[in-house]
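The residues making up each chain are set out below.
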Amino acid sequence: MEHPMEHPIGIDFGGTGIKGAPVDLERGDFAQDRVRIDTPKPADPQSVAAVFQQIVDSFPSSTTPVGVTVPGIVQRGVVLSAANIDKAWIGEDADAIFTEALGREVHVVNDADAAGLAESEYGAAKGRTGLVMVITLGTGIGSAMIYNGVLVPNSEMGHLELDGVLAESRAATSAREREGLSWADWSERLTAYFRHLERLFTPDLFVVGGGVSKSWEKFGHLIEIDTEIIPARLENRAGIVGAALVAHRKAGQDD
């Protein structure tokens, strides 16, 4: 049995909750039970760092690197946008802040990118080569692009224009709920959206994530595109698993 010190910790930083666990990178799953703490209000860097410390302290035998998902654009550890978290994050070097606060190496990554990487490494796209696009349908549309296992960060495909507006305002799960669309009507919009992505990127595989992927049998077959499209598998574990994988891969590297 592996010593738990060998497992990097993944932390999923969301607008309502912060969840973390050590991750067994052999299996792509939690090595110990997940810990969840409500996101502080305000969710400024110092308050969030204190919650991260609580989570890390829940696993006292661990001295490994920590990976953190952030609901925003992340470039070389710096947060460039803030969705559902305090605007004080914008422009902050989150890698440096958390590394200092936790006394160990910490790396932040966009939440959709983390989930996409996890699906590529352990989930629906495991073993697939070429260009994989992981699209999460929720309040907005998140995206991750992985080419032969390498993440192309911050793709923000929900911000593409569709029918003269942002794609996520027309095709996200929230649009279906807000407008009371049938599965068939929503799938027409998804078809238009995924065809647009096909024209731009010619991917080898689409993986659809987000909570609605549990209802895949209701709409997946209605999306009429040429590219193979399948549902995600890791569900709410993907962010933590992907964050831990990022921390492991970046450990000891100079960004």
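Under an unreviewed UniProt entry, the name given to the chain is ROK family protein, and the source organism is Nocardioides glacieisoli. Per its UniProt entry, the chain bears the Sequence similarities (unreviewed entry) comment "Belongs to the ROK (NagC/XylR) family."

(A) Focus on the packing of aromatic side chains. By the definition in use, this model includes 10 aromatic pairs. Ring centres of Phe52 and Phe98 lie 4.6 Å apart, and the angle between their planes is 55 degrees; on these two criteria the pair is classed as tilted. Placement of the pair is Phe52 in helix H1 (residues 45-57) and Phe98 in helix H2 (residues 94-102), with a sequence separation of 46 residues. When its relative accessible area of 0% is taken as the criterion, Phe52 is described as buried.

(B) Local environment of unusual backbone geometry. Look at the link from Lys41 to Pro42: it is a cis peptide, with omega at -5 degrees. Along the chain, Pro42 turns up in the loop between strand S4 (35-38) and H1. A positive phi is found at Glu156, a non-glycine position, where the angle reads about 50 degrees. Its place among the elements puts Glu156 in the loop between strand S11 (150-152) and strand S12 (161-162). Phi at Thr202 is positive, roughly 45 degrees, even though this residue is not glycine. In this structure, Thr202 sits in the loop between helix H6 (183-201) and strand S14 (205-209). A residue is classified by how much of its surface remains accessible, and Thr202, at 63% relative accessible area, is exposed.

(C) Quick peek at helix H3 (residues 111-121). Among the 11 residues of H3, 9 are classified as buried, and the element is accordingly described as predominantly covered. Along H3, the positions that sit buried rather than exposed are Ala112, Asp113, Ala114, Ala115, Gly116, Leu117, Ala118, Glu119 and Ser120. Between a side-chain oxygen at the N-terminus of H3 and the backbone nitrogen of Ala112 the separation is 3.0 Å; the capping residue is Asn110.

(D) Layout of the domain arrangement of the chain. Along its sequence, the chain is organised into domain 1 (9-113 + 237-252) and domain 2 (127-232). Each partner contributes residues to the interface: domain 1 has 7 residues there, and domain 2 has 9 residues. Together domain 1 and domain 2 conceal approximately 600 Å² of surface at their shared face, both sides included; 44% is due to carbon and sulfur atoms. Applying the counting rule to domain 1 against domain 2 returns 0 salt bridges. Connecting domain 1 to domain 2 are 2 residue pairs in polar contact (both at pLDDT 80 or more). Contributing elements (two or more residues each) for the side of domain 1 that touches domain 2: strand S6 (74-75) and H3. Broken down by class, the residue content of the side of domain 1 that touches domain 2 amounts to 3 nonpolar, 2 polar and 2 charged.

(E) Geometry of the nonpolar core. Counting 27 residues, the largest nonpolar core has Val23 and Val207 as the members making the most contacts within it. Residue assignment for this core shows that the elements contributing at least two residues are strand S2 (17-24), H3, strand S9 (131-137), strand S10 (141-147), S14 and helix H8 (238-250). The dominant element in this core, judged by the number of residues it contributes, is H8, at 6 residues. Viewed by domain, this core spans two of them, domain 1 (9-113 + 237-252) and domain 2 (127-232), each represented by three or more residues. Not counting residues within four places of it along the chain, the set of residues in contact with Val23 comprises His7, Pro8, Gly10, Asp29, Phe30, Ala31, Ile240, Val241 and Ala244.

(F) Quick look at the packing of H3 against H8. The N-to-C vectors of H3 and H8 enclose an angle of 85 degrees; their axes lie 7 Å apart at closest approach. As far as their axial angle goes, H8 and H3 are roughly perpendicular. Touching Ala114, Ala115, Leu117, Ala118 and Glu121 of H3 are Ala238, Gly239, Val241, Gly242, Ala243, Leu245, Val246 and Arg249, all from H8. Among the residues forming the contact of H3 with H8, the class breakdown is 9 nonpolar, 2 polar and 2 charged.

Conventions we followed
Residues numbered from 1 in each chain as written. Predicted model: local features only at pLDDT ≥ 70, side-chain atom pairs only at ≥ 80, totals over all residues. Heavy atoms only, no water. UniProt positions renumbered as here; feature names shortened; annotations may be inferred. Phe/Tyr/Trp six-rings, centres within 6.5 Å; stacked < 30°, edge-to-face > 60°. Helix = DSSP H or I, 4+ residues; strand = E, 2+ residues; numbered from the N terminus. Buried < 20%, exposed > 50% of the residue type's maximum accessible area, 1.4 Å probe, protein only. Polar contact = N/O pair within 3.5 Å; in protein donor to acceptor, adjacent residues only side chain to side chain. Domains from an automatic or database assignment. Contact = heavy atoms within 4.5 Å. Buried area = accessible area lost by both parts, 1.4 Å probe. Salt bridge = Lys/Arg side-chain N within 4 Å of Asp/Glu carboxyl O. Nonpolar A, V, L, I, M, F, W, Y, C, P; charged D, E, K, R; others polar. Core = buried A, V, L, I, M, F, W, Y, C linked by side-chain atoms within 4.5 Å. Axes fitted to C-alpha atoms, helices over the stretch in contact; angles between N-to-C directions. Parallel < 35°, antiparallel > 145°, perpendicular 65-115°, else oblique.

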